[in-house]
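# Descriptive structure summary
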Amino acid sequence: MALDIQKIRAQFPVLHQEVNGKPLVYFDNGATSQKPQMVIDAITHYYSKENSNIHRGVHFLSQQATDKYEAAREATRRFINADSIEEIIITRGTTEAINLVASCLSKSLFKKGDEILISTIEHHSNIVPWQMACEQTGAVLKVIPVLDSGELDMDAYRDLLNEKTKLVAVNHISNALGTINPIEEMIPLAHAKGALVLIDGAQAVPHTKVDVQVLNADFYCFSAHKMYGPTGIGILHGKKEILEKMPPYHGGGEMIKEVKFEGSTYNDLPFKFEGGTPNIAGGIGLEAAIRFMEEVGVENIAKQEAELLAYATQKLKEVGGIRFVGEAKNKAGLVSFLMEGIHPYDAGTILDKLGIAIRTGHLCAQPVMARFDITGTMRASFAVYNTKEEIDVFIAAINRVKIMFG
Ligand code: 7TS
């Protein structure tokens, strides 16, 4: 069944405004998506009627807030098909989820000479935590190269894997190139060498069906704000038997069973990794965002975005003088590109004047830019509420930029 995009757009108040006197065209969904009314309402309702701390009060509001926050955990479990809620750690986002794993494994797993394998096309948040882990433990960072197409060099990956590899950390979908990495193939190869696998799913969960049991990674992380939910909340899925062996991350309330000055004992999963009062409104907003995605249908979202990608790619080719950065066969709904002789920042500024929001610059992926010998790109990234008409507006603006600077 075809989606009624206008009906979906009607649910997003932000989209219905002018920017610089022009109707907003929002193509910066890779940075953060807009929020539907049901997410905004869930958060407003929580602060208007339900605000209370969770997991501690016997009073009505606290119990109600606890139930709602825990409903988000259960909704997430169902959404990604995790085995149990003990495997769903609620974090501030992908960045915190990766830092949590890097920090805990630095205390418990990595030793001098071990290898941590990442790829050239990672977001900084899946690079720097591992560099910090290496600094702390003497482990060595290894990097899977990327081909000119934007696809990972799988032969090099096989060669890099060895008995010293303790962890492979790669993204599911690249934020800079849109490449969908063959993680179904990569995960078993890593496991065969005894390495753990962390998948950065920040750009995948908003756009494609993720089943963590089928994928079988040891850790899978994502952020609510890129999937129509609020900022400051995200998920670390981890396999129970691995999370149980890991030491805690932040010390504080909530993550303990008993505290004595002689020593404390830690809480059961998932709370062992959730010290302090969490982002309760964020959790409630995440639950609403999952409901939104389920109501629209993740397959329908993927299909709509694939159509937008094909259309935008074709139209950009027709403009001429466009260099695409990342042309993987298997690509998600974003285009990263450069206009001949025009700085991305200049082009982005003109587009902004025309009401069009895209991302320009290194996209928090400087090593990708270095690999392609550029300092940045222009990136248009799509969500389910975007339309071909918006792409036409965008292409007209690109043509205008070309005339102005060309
Ligand atoms: N991993 C990937 C692949 C990402 O795209 C991002 C954010 C992150 C991790 C970090 O997520 P956070 O929610 O913890 O910040 N990517 C982008 C982007 O492409 N433009 O702005 C943020």
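Within any chain, residue numbers begin from 1 and follow the written order of that chain's sequence. For this predicted model, a pLDDT threshold of at least 70 governs which residues receive local features, and a threshold of 80 or more governs which side-chain atom pairs are given and counted, while totals over whole chains, interfaces and linings are taken from all residues. For side-chain calculations, the full set of non-hydrogen atoms in the structure is used, while hydrogens and water are omitted.

Okay, the sheet that holds strand E14 (residues 334-339) next. Being paired, for any two strands, means DSSP has found at least two bridges between them. Working definition: helices are DSSP H or I runs of at least four residues, strands are E runs of at least two. Numbering for both runs from the N terminus. In spatial order, the strands read E13-E14-E17-E16; together these four strands make up an open sheet with antiparallel pairing. Every other strand in the sheet has two partners, leaving strand E13 (322-324) and strand E16 (359-361) as the edge strands with one partner each. Pairs of neighbouring strands in the sheet enclose a mean axial angle of 30 degrees, with direction left out of account. The contact criterion used throughout is that any non-hydrogen atoms of two residues lie within 4.5 Å. Note on geometry: axes are C-alpha line fits, over the in-contact stretch for helices, and angles between N-to-C directions span 0 to 180 degrees. Its contacts with the sheet place helix H12 (residues 344-353) against E14, E16 and strand E17 (377-381), and it is angled at close to 40 degrees to E17.

Moving on: the domain arrangement of the protein chain. Under the domain assignment used here, the protein chain contains domain 1 (5-27 + 297-404) and domain 2 (40-294). With centres defined by C-alpha atoms, the gap from domain 1 to domain 2 works out at 28 Å. Each partner contributes residues to the interface: domain 1 has 35 residues there, and domain 2 has 30 residues. Buried area is a sum: the accessible area each of two parts loses on coming together, probed at 1.4 Å, counted once for each and added. Here domain 1 and domain 2 share an interface that buries about 2,500 Å² over both sides, 60% of which is from carbon and sulfur atoms. Domain start and end points were adopted from an automatic or database domain assignment.

On to the site of the ligand, then. When at least one non-hydrogen atom of a residue lies within 4 Å of a molecule or strand, that residue is treated as near it. Close to the ligand lie 15 residues; Thr95, Asp200, Ser223, Arg359 and Arg379 are nearest. Side-chain polar atom of serine 223 to an oxygen atom of the ligand: 2.7 Å apart, as the coordinates give it. Only the protein chains shown count as cover for residues, with accessible areas throughout obtained via the Shrake-Rupley method and a probe of 1.4 Å. Protein burial of the ligand: of its 490 Å² of free accessible surface, 88% is covered by the chains. Its residues placed into classes, the shell around the ligand shows two nonpolar, nine polar and four charged. For the purposes of these results, a polar contact is taken to be a pair of N or O atoms within 3.5 Å, where, inside protein, one atom must be able to donate a hydrogen and its partner to accept one; residues adjacent in sequence count only when each atom of the pair is a side-chain atom. Classification used: nonpolar for Ala, Val, Leu, Ile, Met, Phe, Trp, Tyr, Cys and Pro, charged for Asp, Glu, Lys and Arg, polar for all others including Gly.

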